[in-house]
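Architecture and fold: a report
So the chains spell out like this:
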Amino acid sequence: MLSTVVFDADETLLDLRPAVTGGLVAVLDEMRRLTPVAAEVSLADLESDWDAVFGDLASAPVMEIRRAALARSLARAGLGDHLDELAEVFFARRFALTRPFSDVRPALTALRARWRIGFATNGNSRAERCGLAGEFAFEVYAHENGVPKKPAPEFYAAVCVAAGVPPSQVVHVGDNPAFDVVGAQRAGLRAVWLNRRGDSLPAGVLPDATVSSLAELPAVLVGLSGEAELPPCYRRRSGETSCVDV
């Protein structure tokens, strides 16, 4: 029996990359306003500073990682004393620009009629700050209430507690093969890989299903439920389109 579908946030429901870029551009503009030295600092420098600090901080809260990356960026222009100020600039712009992908709302609306829907993330993307307020029956955030990051099994255990059902009733949907597929399956959940960019799976990773768009998800979930027939909303006859087409 399948009762619950839980979604990863960033790059699954939320188009994060333009938002992060916009936040970094806002920081860089402010750096250049504060000092002419920042004219020598590029957007590519700011982007690389995340990669430079991530390895040592991978298990830390994402906000802490971002602040460490910004600290490195500000040091390039002697602006270390402005970390709090420019972190606020970054996050304000990042959240202002974070939006769901176009296929998200139609899919959630269709799915909610049949399954319980949850939101579970390692990152900073709060549903209410990213255009998804009120969309979910429950939300789980790493580093709240002692929950570690995915792919720790305790993360998925917290998802199941929030859902109020055993792992066998939960499908996890996400874009990251290691976190959203392997981690979920090891914790006893089923996993659907959302492959928006046409990537190849790493060797040995076998999702329960793969979709390229959330418009495909309702029919896939019916199949994972072992139900032989789609509900009327999802049926196709000649000349018809699915109710979740976008």
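Computed from a predicted model, the values in this text were never measured in an experiment.

Looking at the secondary structure, you find aspartate 208 in the loop between β5 (190-194) and β6 (209-211). Taking relative accessible area as the criterion, aspartate 208 reaches 36% and is therefore assigned partly exposed. Linking aspartate 208 and alanine 60, residues 148 residues apart in sequence, is a C-alpha distance of 29 Å. Beyond its immediate chain neighbours, meaning those up to four positions away, aspartate 208 contacts Gln185, Arg190, Ala191 and Leu224.

Let us look at the layout of surface pockets. Here the idea is plain: a probe the size of a water molecule rolls over the atoms and shows the empty space left. Volume-wise, the largest pocket comes out at about 1,100 Å³. If you trace the largest pocket, you find 37 residues lining it, with Asp10, Glu11, Leu16, Trp50 and Asp175 closest to the centre. Looking at which element gives the most residues to the lining of the largest pocket, the answer is helix α1 (residues 16-34), with five residues. Across the lining of the largest pocket, the residue classes tally to 14 nonpolar, seven polar and 16 charged. Considering only enclosed or pocket space, the second largest pocket measures out at about 200 Å³ in volume. Taken together, 13 residues make up the lining of the second largest pocket; nearest its centre are Met63, Gly123, Asn124, Arg126 and Ala142. Taken together, the residues of the lining of the second largest pocket sort by class into six nonpolar, four polar and three charged.

Turning our attention to the side chain of arginine 66. Mapped onto the fold, arginine 66 is located in helix α3 (residues 62-75). No salt bridge is formed by the buried arginine 66; its nearest oppositely charged neighbour, aspartate 49, is found at 8.2 Å. In contact with arginine 66, other than residues within four places in its own chain, are Val20, Leu24, Trp50, Phe90 and Phe91.

Across all of its chains, the model carries 14 salt bridges by this definition. Across the salt bridge formed by aspartate 8 and lysine 150, the nearest N and O atoms sit 2.9 Å from each other. Highlighted residues: aspartate 8 in the loop between β1 (4-7) and α1 and lysine 150 in the loop between β3 (138-141) and α6 (153-163), separated in sequence by 142 residues. We note that aspartate 8, like lysine 150, is buried. With a shortest N-O distance of 2.8 Å, aspartate 49 and arginine 76 are connected by a salt bridge.

Scoring rules and cut-offs
Throughout this document, residue positions are counted from 1 along each chain, in the order its sequence is written. Two thresholds apply to this predicted model, a pLDDT of at least 70 for residue-level local features and 80 or more for giving and counting side-chain atom pairs, whereas whole-chain, interface and lining totals are computed over all residues. As a rule here, side-chain values cover all heavy atoms of the structure and leave hydrogens and water aside. Helix and strand labels come from DSSP, where a helix needs a run of H or I of at least four residues and a strand needs a run of E of at least two; each type is numbered from the N terminus. Between buried and exposed lies partly exposed: a residue is buried under 20% and exposed over 50% of the maximum accessible area for its type, with that area taken using a 1.4 Å probe on protein chains only. Any two residues having at least one pair of non-hydrogen atoms within 4.5 Å are treated as being in contact. With a 1 Å grid laid over protein atoms only, a set of points is called a cavity when a 1.4 Å probe fits there but cannot get out and a pocket when it is open yet has protein on both sides within 12 Å along at least five of seven lines; lining residues have an atom within 4 Å of a point. Grid points are joined across faces, edges and corners, and a volume is the space filled by probe spheres set on the points. Only Asp, Glu, Lys and Arg are considered charged, only Ala, Val, Leu, Ile, Met, Phe, Trp, Tyr, Cys and Pro nonpolar, and every remaining residue, Gly among them, polar. Asp and Glu count as negative and Lys and Arg as positive, but His and the ends of the chain are not part of the count. Between Lys or Arg on one side and Asp or Glu on the other, a salt bridge is scored when a side-chain nitrogen of the former is within 4 Å of a carboxyl oxygen of the latter.

Keep in mind these values describe shape, not function.
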